[in-house]
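# Architecture at a glance
Residues per chain, in single letters:
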Amino acid sequence: MTRSTRPSLGAIAFFAIAFALSAYFTFAAVQGDFGLFRRVEIQAEAEELQQDLSRLQARIGDMENLTRRLSDDYLDLDLLDEQARTVLGLVRADEIVIR
């Protein structure tokens, strides 16, 4: 009885298919649509959008403050004077404008 030390063709095919499948699933876990790299990209984008949101909320707060200060209930005369000068180009009679 002699035994062959060469592996059979079935065993080689099994390990080749197992290696190919494991390589494919490893690649998909890292590079795929739901992989690790995509997750990092999504987290970076979420942080950027969160910063944009906080910046826009601060800007909205400033605009609401200016709107309240120019409303009928509460009138800030300094702000009204500033807006009249900026938007309408108004000046007082005793001022000199140099352009």
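Residues numbered from 1 in each chain as written. Predicted model: local features only at pLDDT ≥ 70, side-chain atom pairs only at ≥ 80, totals over all residues. Heavy atoms only, no water.

## Let's talk about the overall build of the chain
Looking only at helices and strands, one finds three helices and zero strands in the chain. Ordered by position from N to C terminus, the α and β elements of the chain give α-α-α. Expected size for 99 residues packed as a compact globule is a radius of gyration near 13 Å; at 35 Å, the chain overshoots this value by more than 25%. Across its three principal axes, the chain shows a C-alpha extent of roughly 120 × 35 × 15 Å. The buried share among the 99 residues of the chain stands at 4%. Within the structure as shown, the chain displays about 9,600 Å² of accessible surface, and the carbon and sulfur contribution to it stands at 61%. On the chain, the mean spot of the 11 positive side-chain charges and the mean spot of the 16 negative ones are 14 Å from each other. (Helix = DSSP H or I, 4+ residues; strand = E, 2+ residues; numbered from the N terminus. Rg over C-alpha atoms; globule rule 2.2 N^0.38 Å. Buried < 20%, exposed > 50% of the residue type's maximum accessible area, 1.4 Å probe, protein only. Areas by Shrake-Rupley, 256 points an atom, 1.4 Å probe, with all protein chains shown as cover. Lys, Arg positive; Asp, Glu negative; His and termini not counted. Charge placed at Lys NZ, Arg CZ, Asp CG, Glu CD.)

## Describing the pattern of salt bridges
Where charged atoms of side chains with opposite charge meet at close range, the side chains can pair. Per the counting criterion, the structure on display carries seven salt bridges. Ionic pairing is found between Asp52 and Arg55, a salt bridge with its closest N-O pair at 3.5 Å. Remark: Arg55 and Asp52 occur in helix H2 (residues 36–69); sequence separation between them is three residues, near one turn of the helix. For Arg55, a relative accessible area of 49% translates into the label partly exposed. Between Asp76 and Arg69 there is a salt bridge, and its shortest N-O distance comes to 2.6 Å. When salt bridges that share partners are traced, they join Asp81, Arg85, Arg92 and Glu95 into one network. (Salt bridge = Lys/Arg side-chain N within 4 Å of Asp/Glu carboxyl O.)

## Description of the packing of aromatic side chains
In this structure the tally under the stated criterion is two aromatic pairs. Centroid distance Phe14 to Phe15: 5.4 Å. Interplanar angle 70°. Geometry classified as edge-to-face. Neither residue differs from the other here; Phe14 and Phe15 are each classed as exposed. If you follow Arg68 out to its NZ or CZ, it ends over the ring of Tyr74, 5.0 Å from the centre. (Phe/Tyr/Trp six-rings, centres within 6.5 Å; stacked < 30°, edge-to-face > 60°. Lys NZ or Arg CZ within 6 Å of the ring centre and 35° of its normal.)

## Some points on the side chain of Asp76
Inspection of the secondary structure puts Asp76 in the loop between H2 and helix H3 (77–88). At 3.4 Å, the side chain of Asp76 forms a polar contact with the backbone nitrogen of Asp78. (Polar contact = N/O pair within 3.5 Å; in protein donor to acceptor, adjacent residues only side chain to side chain.)

## A short note on the confidence of the model for the chain
Predicted coordinates in regions of low pLDDT should not be interpreted in detail. For the chain, the average pLDDT comes to 88, and 97% of its residues sit at 70 or higher. Confidence, expressed as mean pLDDT per element, reaches its minimum in the chain at H3 with 84 and its maximum at H2 with 94. (pLDDT = per-residue confidence, 0-100.)

## Section: a nonpolar patch on the surface
A cluster of nonpolar side chains, namely Ile17, Leu21, Tyr24 and Phe25, defines an oily patch on the protein surface of about 460 Å² accessible area. Of note, Leu21 is situated in helix H1 (residues 9–31). (Patch = residues over 30% accessible without salt bridge, like charges linked within 9 Å, V, L, I, M, F, W, Y side chains within 5 Å.)

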